[in-house]
Amino acid sequence: MHAITVSSFGGPEAFEVIERERPSPGPGQVLVDVSVAGVNYMDVYQRTGATPVKAPFGAGVEGVGVVAEVGSDVADLTAGQRVGWFSGGQGSFADSVLVDAARAVVVPDGVEDEVAAAALMQGVTAHYLATDAYPVQSGDTVLVHAAAGGVGQLLTQIVRIRGGRVIGTVSSQEKAAAARAAGAEHVLGYDDFAEHARRLTDGAGVAAVYDGVGATTFDGSLAALRPRGTLLVYGTASGPTPPLEIPRLNTGGSLYVTRPSIAHYAATSEELRRRTDEVFSWIAQGRLAVTIGGRYPLPEVVQAFTALESRQTTGKLVLVP
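Residues numbered from 1 in each chain as written. Predicted model: local features only at pLDDT ≥ 70, side-chain atom pairs only at ≥ 80, totals over all residues. Heavy atoms only, no water.

## A word on the pattern of salt bridges
The final tally for this structure, using the stated rule, is twelve salt bridges. A salt bridge links D140 to R226, with the nearest nitrogen and oxygen atoms 4.0 Å apart. Of this pair, D140 sits in the loop between α3 (121-133) and β9 (141-144) while R226 is found in strand β13 (residues 225-233), placing the two residues 86 residues apart along the sequence. Given a relative accessible area of 8%, D140 falls into the buried group. Note that D219 and R248 form a salt bridge whose closest N and O atoms lie 2.8 Å from each other. Here D219 is found in helix α7 (residues 218-223), whereas its partner R248 is found in helix α8 (residues 247-251), with 29 residues between them in sequence. Overall, the relative accessible area of 33% leaves R248 in the partly exposed class. One network of salt bridges, with partners in common, ties together D132, E271, R274 and R275. (Salt bridge = Lys/Arg side-chain N within 4 Å of Asp/Glu carboxyl O. Helix = DSSP H or I, 4+ residues; strand = E, 2+ residues; numbered from the N terminus. Buried < 20%, exposed > 50% of the residue type's maximum accessible area, 1.4 Å probe, protein only.)

Written out as C-alpha cells, the structure reads:
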C-alpha cells in the first residue's frame, strides 16, 4: 500500500510517498480503507515540528473510508461501515490506516465522502467555536477571519443558524464572493478591518472575533471587540500571536481572550459524536453547505499543501488515494 510520511521537519517538500505493508488492527482499533483524506493546518503544524509528534511519522490525521477489519474489544463498529475521523488515525494519508474505534464516527447515508471529510475537523471546529467557546446569541454580530476558508465558511453558516450576523474578512474579491455566499453580511479586506468593523456596528464593536489567522490579525481583532467581547484565537496561519499584556484587556473594555483547541471540545466519544451528529444533520437538512476547494491525488500531497499554505484557497482541500 502507498502512504505519505515525514522523515524530517520542514516545508511541503518534507512529505514523502512510500510503500509499506498493510497493517492489522489491534485491540480497540479498526483498519479502514481510505476513500478520501482531509488536508488541514494540523498537518502543517505536525510537519513543521510545532506539535509533540516526533519524526519520522505517518502524515495525515483526518479521513473517511470503509471499515475493512475490526480488532478485538470493538463492539460498535463492523466491517463494511463507512466511518470518518480526525483524531486517533495518525497516518491517514494512505491507502489504509488504523483508527481508534472510539474516535471514529459513522457517516450517515446521503452524506458523500468528500462532504463528510469537510464536516469532520473543520465542521466540528466551527461547531464548538460557535456553540460553546463563544456561544453565539441571536442578534450578536461577530467577526470571522478567513471567512472564505474551510472553517470560515462553515463557521459563518453556523453563526447564521444561531441567529447571529457575520462580518467576514478575506484577501481577494474571489474570496469575498465565497464569504457572501456562505452568509456573511459584510465582507472586508484585512486593511483597517477593526475600524471598519466598528463602523458597521455603530461604534460598538463586535461580540466576538473568531481568528484562525493569528499574528497579523491579533491586534486588530482585540481592537474590534465591544466591551466584554471575546477573542477566540483558534489557529495561527500567519504565525504565532504576539505576547499579550494583561492590562490591555482592561483598557479594551474587560475583554476575554481564549486559545481553544478541538482536542478539549471533542474530548470524549460522546461529545465528538454529539457534534458530528448535529453537523451531519444540518447538512442533510440543507442548512449547512460544504465547499470542496480542491481535489488532489495522494502523490500530489506537496501541491495540495503548497496551495493551502499560500492562503489562496477557498473551502476544503482533500486527497484521494
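After that view of the structure, there is still more to cover.
## Details of the sheet that holds strand β4 (residues 57-58)
In spatial order, the strands read β2-β1-β4; together these three strands make up an open sheet with antiparallel pairing. The two strands at the open ends of the sheet, each matched to only one other strand, are β2 (15-19) and β4. Of the strand pairs in this sheet, strand β1 (residues 2-6) and β2 are connected by five bridges, and their pairing is antiparallel. In the strand pairing of β2, T5 is matched with E16. (Pairing = 2+ DSSP bridges.)

## Regarding the pairing of β9
Covered by surrounding structure in β9 are T141 and L143 together with V142 and V144, the residues of both alternating faces. Alignment of β9 against strand β10 (residues 165-169), held across four bridges, turns out to be parallel. Among the inter-strand pairings, T141 is bridged to a residue of β10, identified as R165. Since β9 and β10 lie parallel, the crossover through helix α4 (residues 150-161) that links them has a hand, and here it is right-handed. For β9 and strand β12 (residues 206-211), the ladder comprises three bridges, and the chain directions are parallel. Its bridge partner lying in β12, V144 is registered against Y210. (Right-handed = clockwise from strand over helix to strand, strands pointing away.)

## Notes on α3
At 3.6 residues per turn, the α-helix brings residues three or four places apart onto the same side. Between its first and last C-alpha atoms α3 spans 16 Å; for 13 residues at 1.5 Å apiece the expected length is 18 Å, and the helix comes up short by more than 12%. Most of α3 is tucked away, with twelve of its 13 residues classed as buried. (Expected span 1.5 Å × (residues − 1).)

## So, the sheet that holds β9
Pairing is parallel in the open sheet, where six strands are placed in the order β11-β10-β9-β12-β13-β14. Of all strands in the sheet, those with a lone pairing partner are β11 (186-188) and β14 (256-258), marking the two edges. Between one strand axis and the next, the sheet turns by 15 degrees as a mean value, whatever way the strands run. Note that β12 and β13 share five bridges and pair parallel. (Axes fitted to C-alpha atoms, helices over the stretch in contact; angles between N-to-C directions.)

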